Amino acid sequence: DYMYIMKCSQNGIFTEGELRQYGPIELSPSSGVLNYGQGLFEGLKAYRKEDGSILLFRPEENALRMRMGAERMCMPSPTVEQFLDAIKLTVLANKRWVPPTGKGSLYIRPLLIGSGAVLGLSPAPEYTFLIFVSPVGNYFKEGLAPINLVVENDFHRATPGGTGGVKTIGNYASVLKAQKKAKENGYSDALYLDSTHKKYLEEVSSCNIFVVKNKVISTPEIKGTILPGITRKSIIDVARGQGYQVEERAVSVEELLDADEVFCTGTAVVVSPVGSITYLGRRVEYGNKGVGTVSQELYSALTRLQMGLAEDIMGWTLQIN
Ligand code: PMP
């Protein structure tokens, strides 16, 4: 029903935001976001606990990631406190849309855009921070269903020194074509390789990737070209807590094809098992129809935490009512 909007002018300070009925916003044709892509977004979820209260999962991580991205995109950003207050206010105003426990969640989309007018190439003089929400069902309705990925060999999502490490809107525009091609060929999504060697895994269009071999879990390290996923970071801690060895390092496409199990992580997919990988026409299928024991175990541990069904020893959930 409601969206949140907060503006900031020349001084870079955001002032009192407000809730408004969800609907179109007015934007100058010469705004920074429309002309030069000055825009960042975030994605997080609110879950309902069995007692009816509402939980956010590590929202301060989204606030910090937006601040980091804003620095890269020459934009001012709300403080962590402003971000969290705005999220809470928006979720509470829309609380009737938070589904019951186990039936889905409320997806929250914060956006930061250059709304001021520019003509020559330069950062916009004014910025707008917005939040809108939408209820979403569980990604997996009846048990985990593996996804089929194709390794993309022509298009890259990011290059060293580029903006791959931040959640800027242009990164998503640049993957649309590879994603469309993957879908047209019957795959769920594309998996990108590093642009320097075309050999090491980066990530999928909207999630991070993990491979499991002999119970050791490996995932590409954060080095500026992949998004530092909050689910990625959480899964690393959960897995280590359960006694797994987890390595953050360069993971080659050969290791991927030779893995026992592969899974993706992200706010939308949580933990999603990969059933098959196709690389240069060669298709590899993983055991147990792709639903490996490690993905199952980690999926269940994380979703139980997010829904308030497991004890939150890490202090990752924030109850807002
Ligand atoms: N990589 C990309 C490119 C993404 O868009 C996302 C989704 N935000 C992720 C990884 C996963 O990040 P998170 O776990 O924070 O949702």
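Throughout, a residue's number is its position along its own chain's written sequence, starting from 1. With pLDDT at 70 or above as the cut-off, local features in this predicted model cover only qualifying residues; side-chain atom pairs require 80 or more to be listed or tallied, and sums for whole chains, interfaces and linings still use all residues.

**Digging into the environment of Val-91**
Note on conventions: DSSP H or I runs of at least 4 residues are helices, E runs of at least 2 residues are strands, and numbering of each starts at the N terminus. Among the secondary structure elements, Val-91 is positioned in helix α3 (residues 80-93). Once C-beta atoms are placed from the backbone, each residue is buried if 20 or more other C-beta atoms lie within 10 Å of its own, exposed if 12 or fewer, and partly exposed for counts between those two. Residue Val-91 is classed as buried on the basis of its 25 C-beta neighbours within 10 Å. Considering only alpha carbons, one finds Val-91 and Gly-229, 138 residues apart in sequence, at a separation of 22 Å. Setting aside anything within four residues of it in sequence, one finds Val-91 in contact with Ala-46, Ile-54, Leu-106, Ile-108, Val-133 and Ile-320. A pair of residues counts as a contact when their C-beta atoms, built from backbone coordinates, are within 7 Å of each other.

**What to know about the nonpolar core**
Counting residues in hydrophobic clusters, the biggest one holds 81 residues, and the most contacted among them are Ala-46, Leu-149, Leu-191 and Val-262. If sequence neighbours within four positions are ignored, Ala-46 has contacts with Ile-54, Leu-55, Leu-56, Val-91, Val-98, Ser-105, Leu-106 and Ile-108. In this usage, the nonpolar core is the set of buried Ala, Val, Leu, Ile, Met, Phe, Trp, Tyr and Cys residues whose C-beta atoms join them within 7 Å.

**Here we look at the site of the ligand**
For each residue, a C-beta atom is placed from the backbone, and the residue counts as near a molecule or strand when that atom lies within 6 Å of it. In the vicinity of the ligand there are 13 residues, among which Gly-229, Ile-230, Thr-231, Gly-266 and Thr-267 approach most closely. Counting only elements with at least two residues in the shell around the ligand, the list comes to α5 (230-241) and β14 (261-266). With three residues, the top contributor of residues to the shell around the ligand is α5. Note that Gly is not counted as nonpolar here; it falls among the polar residues with everything else outside the nonpolar set of Ala, Val, Leu, Ile, Met, Phe, Trp, Tyr, Cys and Pro and the charged set of Asp, Glu, Lys and Arg. Broken down by class, the residue content of the shell around the ligand amounts to three nonpolar, eight polar and two charged.

**Brief notes about the confidence of the model for the protein chain**
In predicted models, pLDDT denotes the confidence assigned by the predictor to each residue on a 0 to 100 scale. Looking at the protein chain, pLDDT values average 95 and 99% of them are 70 or higher. Confidence metrics for the complex model read pTM 0.96 and ipTM 0.99.

**Regarding the pairing of strand β6 (residues 105-114)**
Within β6, seven of the ten residues are buried, leaving the element largely enclosed by the surrounding structure. Any two strands between which DSSP finds at least two bridges are classified as paired. In terms of strand pairing, strand β3 (residues 39-41) meets β6 through three bridges, oriented antiparallel. Of the residues in β6, the one forming a bridge with Gly-39 is Ile-113. Pairing of strand β4 (residues 44-48) with β6 involves three bridges; the strand directions are antiparallel. Pairing of Leu-44 across the sheet is with Ile-108, part of β6. With ten bridges joining them, β6 and strand β7 (residues 127-136) adopt antiparallel strand pairing. Across the sheet, the residue bridging to Leu-112 is Phe-129, located in β7.

**Notes on unusual backbone geometry**
For Arg-58, which is not glycine, the phi dihedral falls at a positive 45°. Tracing the chain through its elements places Arg-58 in the loop between β5 (54-57) and α2 (59-72). Judged by the 19 C-beta atoms lying within 10 Å of it, Arg-58 falls in the partly exposed class. Not every positive phi belongs to a glycine, and Lys-198 is a case in point at roughly 50°. With respect to the helices and strands, Lys-198 occurs in the loop between β9 (189-193) and β10 (201-204). What makes Lys-198 partly exposed here is the crowd of 14 C-beta atoms within 10 Å.

**Thoughts on the domain arrangement of the protein chain**
For interface size, the figure often reported is the accessible area lost on association. Once the domains are mapped, the protein chain shows domain 1 (2-136) and domain 2 (147-306). Where each domain starts and ends comes from a domain assignment, either automatic or drawn from a database. Distance between the C-alpha centres of domain 1 and domain 2: 26 Å. Between domain 1 and domain 2, the contact holds 18 residues from the first and eleven residues from the second. Breaking the side of domain 1 that touches domain 2 down by element, the ones donating at least two residues are β3, β4 and α2. Among the elements that line the side of domain 1 that touches domain 2, the one with the most residues is α2, at six residues. Looking at the side of domain 1 that touches domain 2 residue by residue, the classes come out as seven nonpolar, five polar and six charged.

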